[in-house]
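Take a look at the letters that make up each chain.
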Amino acid sequence: MNRSSMRACLLVVLLLSITYVKGQPGVVRTLEPCACPVPIDSSFHTRCAYLIVPENRKKNNGKTIKLPFILVESKNPNKKKDPLLFTGGGPGGSSLGWARGATQSPLINDRNCIAFEQRGTYFALPRLQGTELDDAIRESYRKNLNKDSMMVVGVKRYKKALEAKGIDLSGYNTDETVADIHDLLATLRVDSVNLQGISYSGGLMLAVLQKDPSKVRSLILDSPLPTFVPIDEDEPANFNESLNILFGHVEKDSTNKALYGNLKEKFQRYFSSIGAKAFYIPYVEKGTTDTLRIQYTRRDLLGVLVNTQMKHIPYTITEMIKGNHYPYIKRVLDDIFEHSTAPSGMRISVYCADQTAYHSEKVLQQLYDTYPYLKGYHINDVYKELCDCWQVPPIKPETKQPFYSNKPALLADGELDNACRPLYIDQIHHYMPNSQRLLFTNRAHGVGGEDMTRFTQLFLTNPYRKIESGKKEIITY
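Since we're looking at a predicted model, the values are computed, not measured.

## Points about the nonpolar core
For step 1, the next point in the chain: Of all hydrophobic cores here, the largest spans 108 residues; its most connected members are Phe 69, Leu 85, Leu 219, Phe 267, Phe 271 and Trp 390.
For step 2, the next point in the chain: Apart from the residues within four sequence positions on either side, Leu 85 is in contact with Ile 114, Phe 116, Ile 181, Leu 184, Leu 185, Val 193, Asn 194, Leu 195, Gln 196 and Met 205.

## Some remarks on the pairing of strand β12 (residues 435-440)
For step 1, the next point in the chain: Buried residues dominate β12, accounting for six of its six residues.
For step 2, the next point in the chain: Alternating positions in β12 separate into two faces, Ser 435, Arg 437 and Leu 439 on one and Gln 436, Leu 438 and Phe 440 on the other, with burial throughout.
For step 3, the next point in the chain: Note that strand β11 (residues 409-414) and β12 share six bridges and pair parallel. Residue Leu 410 lies in a different strand from β12, and its bridge partner there is Gln 436.

## Details of the UniProt feature "domain: AB hydrolase-1" (unreviewed entry) in the chain
For step 1, the next point in the chain: Residues annotated in UniProt with the feature "domain: AB hydrolase-1" (unreviewed entry) correspond here to residues 83-236.
For step 2, the next point in the chain: Along residues 83-236, the helical share is 44% and the strand share 14%, with 37 Å between the first and last C-alpha atoms.

## Some thoughts on the domain arrangement of the chain
For step 1, the next point in the chain: We note that the domain assignment places domain 1 (30-125 + 177-229 + 403-476) and domain 2 (129-166 + 230-400) within the chain.
For step 2, the next point in the chain: With centres defined by C-alpha atoms, the gap from domain 1 to domain 2 works out at 28 Å.
For step 3, the next point in the chain: The interface of domain 1 with domain 2 comprises 26 residues on the first partner and 24 residues on the second.
For step 4, the next point in the chain: The contact between domain 1 and domain 2 buries some 2,000 Å² in all, and 52% of this surface belongs to carbon and sulfur atoms.
For step 5, the next point in the chain: If you sort the residues of domain 1 by the area they bury against domain 2, Leu 416, Asn 418 and Arg 421 come out on top, with a joint share of 29%.
For step 6, the next point in the chain: In this structure, the connection of domain 1 to domain 2 is made through one salt bridge.
For step 7, the next point in the chain: Between Glu 241 and Arg 421 there is a salt bridge, with its nearest N and O atoms 3.2 Å apart.
For step 8, the next point in the chain: Connecting domain 1 to domain 2 are 14 residue pairs in polar contact (both at pLDDT 80 or more).

## Looking at the state of the cysteines
For step 1, the next point in the chain: For the coordinates displayed, the defined rule picks out two disulfides.
For step 2, the next point in the chain: Put simply, Cys 36 and Cys 48 are joined by a disulfide, and their sulfur atoms are 1.6 Å apart. On the S-S bond that ties Cys 36 to Cys 48, the torsion sits near 65°, and the link is right-handed. On the criterion of sequence distance, the pair formed by Cys 36 in the loop between β2 (28-33) and β3 (46-54) and Cys 48 in strand β3 is long-range, its members being twelve residues apart.
For step 3, the next point in the chain: Relative accessible area serves as the criterion here: at 32%, Cys 36 is assigned to the partly exposed category.
For step 4, the next point in the chain: Judged by relative accessible area, Cys 48 falls into the buried class, the value being 8%.
For step 5, the next point in the chain: Cys 352 shares a disulfide with Cys 387; S-S distance 2.0 Å.

## What about the pattern of salt bridges?
For step 1, the next point in the chain: Enumeration according to the criterion identifies 24 salt bridges in this entry.
For step 2, the next point in the chain: Residue Asp 180 is joined to Arg 119 by a salt bridge in which the shortest nitrogen-to-oxygen separation is 2.7 Å. Separated by 61 residues along the polypeptide, Asp 180 in helix α5 (residues 174-187) and Arg 119 in the loop between β6 (113-116) and α3 (132-142) bring together distant segments of the chain.
For step 3, the next point in the chain: Given a relative accessible area of 0%, Arg 119 falls into the buried group.

## Let's talk about unusual backbone geometry
For step 1, the next point in the chain: At the junction of Gly 90 and Pro 91, the peptide bond is cis and its omega measures out at -5° in the coordinates.
For step 2, the next point in the chain: Here the phi dihedral of Asn 262 falls at roughly 55°; this positive angle occurs in a residue that is not glycine.
For step 3, the next point in the chain: Position of Asn 262 relative to the elements: it lies in the loop between α8 (257-260) and α9 (263-274).
For step 4, the next point in the chain: Since its relative accessible area comes to 47%, Asn 262 is described here as partly exposed.

## Brief notes about the UniProt feature "domain: Peptidase S33 tripeptidyl aminopeptidase-like C-terminal" (unreviewed entry) in the chain
For step 1, the next point in the chain: Annotation from UniProt places "domain: Peptidase S33 tripeptidyl aminopeptidase-like C-terminal" (unreviewed entry) at residues 384-447.
For step 2, the next point in the chain: Helix makes up 25% of residues 384-447 and strand makes up 19%, while its end C-alpha atoms are separated by 30 Å.

## A short note on the side chain of Asn 380
For step 1, the next point in the chain: One can find Asn 380 in the loop between α14 (361-370) and α15 (384-390).
For step 2, the next point in the chain: Here Asn 380 falls in the buried class, since its relative accessible area comes to 7%.
For step 3, the next point in the chain: Here the side chain of Asn 380 touches Asp 232 through a polar contact of 3.1 Å, side chain to side chain.
For step 4, the next point in the chain: Only 3.1 Å separates the side chain of Asn 380 from the backbone nitrogen of Val 382, close enough to count as a polar contact.

## Description of α9
For step 1, the next point in the chain: Taking 1.5 Å of rise per residue, the twelve residues of α9 would be expected to cover 16 Å, and the 17 Å separating its terminal C-alpha atoms lies within 8% of that figure.
For step 2, the next point in the chain: Taken together, the buried positions of α9 are occupied by Leu 263, Phe 267, Tyr 270, Phe 271 and Ile 274. Along α9, the residues classed as buried sweep out an arc of 90° about the axis, all on the same side. Along α9, the residues that are exposed and aim more than 90 degrees away from the buried face are Arg 269 and Ser 273.
For step 3, the next point in the chain: Each element contacted by the buried residues of α9 is listed here: α7 (231-253), α8, β9 (279-284), α10 (298-306) and α11 (313-321).
For step 4, the next point in the chain: Positive backbone phi, at 40°, marks Gly 275, one or two positions downstream of α9.

## Here's the deal with the packing of α7 against α11
For step 1, the next point in the chain: At a minimum axis separation of 10 Å, α7 and α11 run at an interaxial angle of 95°. Of the possible angle classes, the one that applies to α7 and α11 is roughly perpendicular. Counting all contacts with α7, which are made through Leu 243, Leu 246, Phe 247 and Val 250, the residues of α11 involved are Ile 313, Pro 314 and Ile 317.
For step 2, the next point in the chain: Split by residue class, the contact of α7 with α11 holds seven nonpolar, no polar and no charged.

Cut-offs applied
- Residues numbered from 1 in each chain as written.
- Predicted model: local features only at pLDDT ≥ 70, side-chain atom pairs only at ≥ 80, totals over all residues.
- Heavy atoms only, no water.
- Core = buried A, V, L, I, M, F, W, Y, C linked by side-chain atoms within 4.5 Å.
- Buried < 20%, exposed > 50% of the residue type's maximum accessible area, 1.4 Å probe, protein only.
- Contact = heavy atoms within 4.5 Å.
- Helix = DSSP H or I, 4+ residues; strand = E, 2+ residues; numbered from the N terminus.
- Pairing = 2+ DSSP bridges.
- UniProt positions renumbered as here; feature names shortened; annotations may be inferred.
- Domains from an automatic or database assignment.
- Buried area = accessible area lost by both parts, 1.4 Å probe.
- Salt bridge = Lys/Arg side-chain N within 4 Å of Asp/Glu carboxyl O.
- Polar contact = N/O pair within 3.5 Å; in protein donor to acceptor, adjacent residues only side chain to side chain.
- Disulfide = S-S within 2.5 Å.
- Expected span 1.5 Å × (residues − 1).
- Arc of directions from axis to C-beta.
- Axes fitted to C-alpha atoms, helices over the stretch in contact; angles between N-to-C directions.
- Parallel < 35°, antiparallel > 145°, perpendicular 65-115°, else oblique.
- Nonpolar A, V, L, I, M, F, W, Y, C, P; charged D, E, K, R; others polar.

Quick look at the structure:
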């Protein structure tokens with residue numbers, strides 16, 4: 001190929017990678033091809049690229065960021081033209097691993113699948129990640145310092161380190177990610193899309209619909225957190241409600257009444273009685289020889305329960321009541337000292353802009369007065385004192401408002417969900433009358449699995465057809 005031919009080819013490639021966003025004169029979004037960040041079945045044709053967008057659309061300073069996506073093409077020559085677009089929850093979770101699973105799912109049989117990495121998350125450039133907050137948390141345990149005070153210290157260091165890299169933290173929130181998704185659809189020239197989200201990204205997909213419904217064919221939301229829900233105010237009550245349902249199952253189904261009888265009363269009495277009591281555990285940090293005497297409290301024990309599979313919680317509670325804390329607290333400490341357990345910068349930015357900016361400390365205090373055994377425990381690892389340091393502006397008030405839509409949606413949740421209760425899919429259904437709901441009575445947060453895939457496939461084939469369950473543990477309504 002001669003030089004003039006090469007230049008012509010490069011010009012064509014450049015032109016194909018540039019899209020002018022409709023309704024925004026002069027605003028250009030580009031695609032930059034990249035290697036797939038996660039391995040994908042080579043029998044599928046895939047497209048991996050960065051979507052290049054402004055870091056902060058409120059500032060016309062030219063700064064851009066790179067957001068990777070993976071488009072996996074269906075092998076079906078008669079595939080539908082409306083792809084399935086997924087992005088993950090958290091906020092702050094990575095999304096691209098979903099594309100690998102899509103190649104093994106029947107969902108790829110009928111349409112292309114797209115996994116989109118949200119700004120600030122694992123494969124995005126930049127990634128809002130650092131060690132400063134983890135280091136502060138570890139220091140608080142090693143030296144038995146006040147955990148809340150050290151979280152504030154760590155957040156201040158964390159913010160300073162990210163800003164030193166030139167990162168504008170005010171550009172990382174739901175409003176910007178919604179705009180990113182619309183830019184991706186425009187750049188890929190997608191005229192009709194099915195949106196799939198889980199937990200936080202369930203609400204994110206609703207916000208995508210709210211901004212511009214013209215391209216949205218349907219939504220599939222697993223354990224969604226609607227943008228209009230004040231989760232900081234709800235989550236202690238959500239945790240308590242899920243426990244009450246679990247205790248009811250235990251009371252009904254358990255044959256060991258001596259161990260599990262009246263478990264609800266035992267749990268509430270014990271966790272109320274230990275209050276701010278300090279416990280201690282001997283611990284040797286990996287790679288060291290000195291034995292530390294590490295302090296822990298009710299908050300650490302509650303953290304164990306929040307992060308334990310629901311089926312294991314009854315036994316764990318009985319062991320804690322007996323004083324057998326060691327194996328549970330040791331696992332917590334192993335995790336803290338060997339892995340990153342602190343919230344990512346993206347998670348902090350989103351929660352501060354989306355939630356803390358709008359929630360009421362007065363309501364939160366009412367919750368603690370109602371459920372005294374939870375008092376002082378931060379179920380969410382991002383809370384007001386941290387956001388006071390992070391200092392990012394709130395998202396637009398209209399993003400926090402519920403809205404009506406006649407778009408079809410499949411809404412699913414687990415009866416034992418301790419974070420986003422089934423109440424939320426009922427609330428969404430109120431505003432989306434063409435939605436259908438699935439309640440998995442033996443599942444918790446993030447139902448997933450083969451049944452959910454089967455229902456999703458039926459729904460995508462005809463989003464307006466009534467779905468029937470056929471399984472008593474899955475209720476359709």
